[in-house]
Amino acid sequence: MTGELFSPLHLRSGQVLKNRIAKAAMEENMAGDGQLPDEQLFTLYRQWAAGGTGLLITGNVMVHAEALTGPAGVVLDEHAPLGPFAEWAEAGKSGGGAIWMQINHPGRQVASDMPGVVWGPSDIGVSLGKHSSRFGRPTAMTARQIDDTVTRYAVTAHRAEKAGFDGVEIHAAHGYLLSQFLSPLVNKRTDRWGGSLENRARMLLDIVRAVRAAVPPSFAVAVKLNSADFQRGGFDAEDARQVIEMLEPLGVDLVELSGGSYESPAMTGRSADTRTQAREAYFLDLAEDLVTTSPIPLMLTGGITRRGTAQKVLDSGVAVIGMGTALAVTPDLPDRWRGGREADRLMRPVKWSDKALASAASMAQVRHQMRRLARGSRPKPGTHPAIALVAEQRKQRTALRRYRAWLAAPRGAA
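All chains use their own residue numbering, which begins from 1 and follows the written sequence. Selection of residues for local features in this predicted model requires a pLDDT of at least 70, selection of side-chain atom pairs for listing and counting requires 80 or more, and totals for whole chains, interfaces and linings are taken over all residues. Note: side-chain values were computed over all heavy atoms of the structure, leaving out hydrogens and water.

A look at the overall build of the protein
Step number 1: Scanning the protein for helices and strands turns up 14 helices and 13 strands.
Step number 2: On C-alpha atoms alone, the protein measures out to a radius of gyration of 19 Å, which is about the 22 Å that the 2.2 N^0.38 rule sets for 414 residues.
Step number 3: Along the three orthogonal principal directions, the C-alpha set of the protein runs to about 55 × 45 × 45 Å.
Step number 4: Note on exposure labels: buried denotes an accessible area under 20% of the residue type's maximum, exposed denotes more than 50%, and partly exposed covers the range between, all computed with a 1.4 Å probe on protein chains only. Per-residue burial for the protein yields a buried fraction of 62% across its 414 residues.
Step number 5: In short, Shrake-Rupley with a 1.4 Å probe defines the accessible areas, and a residue's cover is counted only from the protein chains shown. When the accessible surface of the protein is summed, it comes to about 15600 Å², and 50% of that surface belongs to carbon and sulfur atoms.
Step number 6: Across the protein, the centroid of the 50 positively charged side chains sits 6 Å from that of the 42 negatively charged ones. Helix numbers and strand numbers start at the N terminus; a helix is a DSSP run of H or I with at least 4 residues, a strand a run of E with at least 2. The globule rule used here is 2.2 Å times the number of residues to the 0.38 power, and the radius of gyration it is set against is calculated over C-alpha atoms. When charges are counted, Lys and Arg are positive and Asp and Glu negative, with His and the chain ends excluded. Positions of charges follow a simple convention, taking NZ of Lys, CZ of Arg, CG of Asp or CD of Glu.

A closer look at the nonpolar core
Step number 1: The set of buried Ala, Val, Leu, Ile, Met, Phe, Trp, Tyr and Cys residues whose side-chain atoms join them within 4.5 Å is what this entry labels a nonpolar core. Ranked by size, the top nonpolar core spans 94 residues in total, and within it F85, I170, M203, L204 and L247 carry the most contacts.
Step number 2: By the convention used here, residues are in contact when the closest approach between their heavy atoms is within 4.5 Å. Setting aside residues up to four positions removed in sequence, M203 forms contacts with M141, I146, T149, V150, L177, L178, F181 and W193.
Step number 3: The next biggest cluster of nonpolar side chains, apart from the first, holds 16 residues, and it includes A220, A222, L254 and M299.

Observations concerning the packing of helix 2 (residues 39-49) against helix 3 (residues 83-92)
Step number 1: Only the stretch in contact is used when a helix axis is fitted, and all axes are lines through C-alpha atoms; the angle between N-to-C directions ranges over 0 to 180 degrees. Close contact between helix 2 and helix 3 brings their axes to 7 Å; oriented N to C, the two are set at 20 degrees. Here helix 3 runs roughly parallel to helix 2, going by the angle between their axes. Helix 2 and helix 3 meet at a crossing whose hand is right-handed. Contacts between helix 2 and helix 3 involve L41, F42, Y45, R46 and A49 from the first element and P84, E87, W88, A91 and G92 from the second.
Step number 2: When residue character is reported, Ala, Val, Leu, Ile, Met, Phe, Trp, Tyr, Cys and Pro are called nonpolar, Asp, Glu, Lys and Arg charged, and the others, Gly included, polar. For the contact of helix 2 with helix 3, the per-class residue count stands at 7 nonpolar, 1 polar and 2 charged. For classification, angles of less than 35 degrees are called roughly parallel, those exceeding 145 degrees roughly antiparallel, those between 65 and 115 degrees roughly perpendicular, and all remaining angles oblique. Two helices that cross are described as forming a left-handed crossing if the nearer one is turned anticlockwise from the farther one by less than a right angle, and a right-handed crossing if clockwise.

Quick notes on the confidence of the model for the protein
Step number 1: Scored by pLDDT, the protein has a mean of 91; 91% of the residues are at 70 or more.
Step number 2: Known as pLDDT, the predictor's per-residue confidence is scaled from 0 to 100. Contacts from residues 263-279, a stretch scored under 50 in pLDDT, to residues over four places away or in other chains number 54 contacts.

Observations regarding the packing of helix 13 (residues 355-374) against helix 14 (residues 385-408)
Step number 1: The contact between helix 13 and helix 14 brings their axes to 8 Å, and the two run at 80 degrees. As the angle between them shows, helix 13 and helix 14 are arranged roughly perpendicular. When helix 13 is examined against helix 14, the residues L357, A360, A361, A364, Q365, R367, H368 and R371 are found in contact with a partner set consisting of P385, A388, L389, E392, K395 and Q396.
Step number 2: For the contact of helix 13 with helix 14, the class distribution of residues is 7 nonpolar, 3 polar and 4 charged.

Notes on the pattern of salt bridges
Step number 1: Each salt bridge in this description consists of a side-chain nitrogen of Lys or Arg and a carboxyl oxygen of Asp or Glu lying within 4 Å of one another. What the rule picks out here adds up to 18 salt bridges.
Step number 2: A salt bridge links R402 to D33, with the shortest nitrogen-to-oxygen separation between them at 3.7 Å. Taken as a pair, R402 in helix 14 and D33 in the loop between strand 3 (21-23) and helix 2 lie far apart in primary sequence, 369 residues in all.
Step number 3: The exposure class assigned to D33 is exposed, which follows from its relative accessible area of 60%.
Step number 4: In this structure, D354 and K130 form a salt bridge, with 3.6 Å as the shortest nitrogen-oxygen distance. One end of the pair, D354, is in the loop between helix 12 (333-338) and helix 13; the other, K130, is in the loop between strand 7 (119-120) and strand 8 (139-140), with 224 residues separating them in the sequence.
Step number 5: The exposed category is assigned to K130, whose relative accessible area is 69%.
Step number 6: Through salt bridges with shared partners, a single ionic network connects E27, R367, R371 and E392.

Looking at unusual backbone geometry
Step number 1: Phi is positive for Q35, close to 60 degrees, though the residue is something other than glycine.
Step number 2: Of note, Q35 is situated in the loop between strand 3 and helix 2.
Step number 3: A positive phi angle, close to 60 degrees, is found at H174, a residue other than glycine.
Step number 4: A relative accessible area of 11% places H174 in the buried class.

Comments concerning the side chain of R108
Step number 1: By the element assignment, R108 lies in the loop between strand 6 (98-104) and strand 7.
Step number 2: Whenever a nitrogen or oxygen atom comes within 3.5 Å of another N or O atom, the pair is scored as a polar contact, on the condition that within protein one atom can donate a hydrogen and the other can accept it, and that pairs from neighbouring residues in sequence are kept only if both atoms are in side chains. At 3.1 Å, the side chain of R108 and the backbone oxygen of I124 are in polar contact.

Remarks on the pairing of strand 13 (residues 320-323)
Step number 1: What you see with strand 13 is no split at all: V320 and G322 on one side and I321 and M323 on the other are buried throughout.
Step number 2: Two strands pair under a simple rule: DSSP has to find at least two bridges between them. In this structure, strand 3 lies alongside strand 13, joined through 3 bridges in parallel fashion. By the bridge assignment for strand 13, K23 is matched with M323.
Step number 3: By convention, a crossover is right-handed whenever its connection, traced from the first strand over the helix to the second and viewed with the strands pointing away, goes clockwise. On the question of chirality, the crossover connecting strand 12 (residues 298-301) to the parallel strand 13 by way of helix 10 (residues 307-315) is right-handed.

Brief notes about helix 8 (residues 237-247)
Step number 1: Those residues of helix 8 that fall on the buried side of the exposure criterion are A237, D239, A240, V243, I244, M246 and L247. End-on view of helix 8: buried residues confined to an arc of 165 degrees, all on one side of the axis.
Step number 2: Residue D236 occupies the N-cap position of helix 8, its side-chain oxygen lying 3.2 Å from the main-chain nitrogen of E238. As used here, the arc is the angular range of directions from the helix axis to the C-beta atoms.

Quick word on the packing of aromatic side chains
Step number 1: Each pair of aromatic rings taken from Phe, Tyr and Trp, with Trp reduced to its six-membered ring, is defined by centres within 6.5 Å and is described as stacked if the planes are under 30 degrees apart, edge-to-face if over 60, and tilted in the remaining cases. Within this structure, the stated rule accounts for 5 aromatic pairs.
Step number 2: Ring plane angle 40 degrees and centroid distance 6.4 Å describe the contact between F85 and W88, whose orientation is recorded as tilted. Here F85 pairs with W88, and both are found in helix 3, just 3 residues apart, close to one helical turn. Both residues of the pair, F85 and W88, count as buried.
Step number 3: Working rule: Lys NZ or Arg CZ, within 6 Å of ring centre, within 35 degrees of ring normal, means a charge sits over the ring. Cation over ring: K23 sits above W48, and NZ or CZ is 4.7 Å from the ring centre.
Step number 4: The ring of W193 has R192 lying over it, and the distance from NZ or CZ to the ring centre is 5.0 Å.

Right, here's the structure in full:
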């Protein structure tokens, strides 16, 4: 068991991951002044680097300063200074593993009180019942905006490489912009970006091509993709299989499989689909189908907390196991597994009947643990989700005021 979990993985770029355990991206929402990483994130990533993980994938870094998933999101665009990002990369590599930057655009999943833009493939808003008003109403992107966004991804990837990161992961899951283009429920376009799956995947494929052209061959390029959206008539496992095949000729090193969106939060184990009702490895059933045909190594994330489960995932043919919450609670979990130990405590799932609120509380709980780690404190997984959610909302209000002021100020070239 230990030999396989802790065996190296050779990627097509030539990069070698020291083991098969990855810290999956978790949205930290911990940017400092100027929407930049600061000592909080450096300390947090040093803790994870010291814990034995082979690959650290950052929380989503925004490619467009006017489109953030949250007001404390990190932005890396053409104007951002590279110094703080170089420190972040150094912190992430301090334990001998690799660090990749997840790069993202929220599209329509932007809170209604946020300044900036709310874009989507079509003008269809997020549908969350009584919570729908929490999100802005999107406008359908023009061809120029699509092309500009492709360029933004390439710029961010190029600058991440210059700062010392080992790779990037393009986020095309969880209902963010690229996932929206892939979804037939959200993408109602009738031009070259809508209709067939080939058209709906066009923006993602163009971004991968642009990113690959902007970075050296030795720099890793990965994609995070939903195994399914878990919405009737949405992006499904067969779509995922075809998109993976489309990605293979473009030089993609790894595809991370997850699932869901704000409308169906399967990534927290709370979709209406029975295929994610298992308490661990939410998407393993779907991954087992995809791994038999995938020409690209796959990474599976979602609900993995125990070494036995991790081994089961690897035995299915998946190349890398991704963990988020488990590492927020136990940052040295890989080293524990190597020594034959498990985590002392796990975070209990939030089982409120309101799934949207439960998902927000789950994310707040995880951020609470990350902030404790960033302060040098031990995690406290027993924190009540309601307390974590209220504290998170307060922090977001403060961050929103700071982000508004930053966005309104002039920015020069870095």
